[in-house]
Amino acid sequence: MDRIDENGFRANVGIILMDDAGQVLIAGRRGRSGWQFPQGGVKGNESAEQAMYRELREEVGLAPDDVGVVGVTREWIRYRLPRKYVRKQGPLCIGQKQRWFLLMLQAAPAKLCFDSTDAPEFDRCRWVDYWKPVEEVIYFKRKVYIRALTELSRIAFVDSSPPPMPSDWPASWLKA
């Protein structure tokens, strides 16, 4: 059972998987055109880290030894769902609160797979420039992606400056 707090936010983890070239993995939703980072709910008494490793296995087929944890967001990052996506059946869920993990791929990219569960969420993936996922994700998650990528960029690029955020993004994406 997913954990939903008293305010209606579902506990969730997000995974930013990076390669040696500084690119990040985005995955395509099965049967849909959308792209996103792997993510998923925190169940029962799982810690955020335990949920991250479970989701990593379920969504992209990787084991803990296939990655190195580079960092995690300091706090839960919340977002509200648009009204049409609010879950009214069962416990009310108005949005998600997420802990974002930055992982470095240590296995060969060929180890990625999408059939480790009976109901895979993704059917394809691609490596993209660091900020590209913000442009690819569904509109209501853009600000969360910007917050997570911004916070984690400080540790993602310790030996160099992080790539600059694109200057042509609409101002509405950058407002808190």
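Our structure's up above, just so we're on the same page.
Just so you know, these numbers come straight off a predicted model, no measurement behind them. (Residues numbered from 1 in each chain as written. Predicted model: local features only at pLDDT ≥ 70, side-chain atom pairs only at ≥ 80, totals over all residues. Heavy atoms only, no water.)

(A) Representation of the nonpolar core within the structure. Ranked by size, the top nonpolar core spans 30 residues in total, and within it Ile16, Phe37, Trp100, Tyr130 and Val134 carry the most contacts. Counting residues per element, the ones that place at least two in this core are β1 (9-18), β2 (24-29), β6 (77-80), β7 (95-105) and α3 (142-156). When residues no more than four places from it in sequence are discounted, the contact partners of Phe37 are Ile15, Ile16, Val24, Leu25, Ile26, Trp100, Phe122, Pro133, Tyr145 and Leu149. Within the second largest apolar cluster, 21 residues are counted, among which are Ala27, Val60, Phe101 and Ala107. (Core = buried A, V, L, I, M, F, W, Y, C linked by side-chain atoms within 4.5 Å. Buried < 20%, exposed > 50% of the residue type's maximum accessible area, 1.4 Å probe, protein only. Helix = DSSP H or I, 4+ residues; strand = E, 2+ residues; numbered from the N terminus. Contact = heavy atoms within 4.5 Å.)

(B) Representation of the pattern of salt bridges within the structure. Scanning all chains against the criterion turns up 12 salt bridges. With a shortest N-O distance of 2.7 Å, Glu46 and Arg54 are connected by a salt bridge. Given the relative accessible area of 16%, Glu46 is considered buried. On the basis of relative accessible area, Arg54 is assigned to the buried category, the value being 17%. (Salt bridge = Lys/Arg side-chain N within 4 Å of Asp/Glu carboxyl O.)

(C) Main features of a nonpolar patch on the surface. Side chains of Val70, Ile155 and Val158 sit close together on the surface and give an oily, nonpolar patch of about 230 Å² of accessible area. Residue position: Val158 is located in the loop between α3 and α4 (171-174). (Patch = residues over 30% accessible without salt bridge, like charges linked within 9 Å, V, L, I, M, F, W, Y side chains within 5 Å. Areas by Shrake-Rupley, 256 points an atom, 1.4 Å probe, with all protein chains shown as cover.)

(D) Molecular detail of the side chain of Asp66. Here Asp66 lies in the loop between α1 (48-60) and β5 (67-72). Under the relative-accessibility criterion, Asp66 is labelled buried at 6%. A polar side-chain atom of Asp66 sits 2.8 Å from the main-chain amide nitrogen of Ala63. Those residues within four positions of Asp66 in sequence are excluded, and the remaining contacts are Met104, Leu105, Gln106, Ala107 and Lys111. (Polar contact = N/O pair within 3.5 Å; in protein donor to acceptor, adjacent residues only side chain to side chain.)

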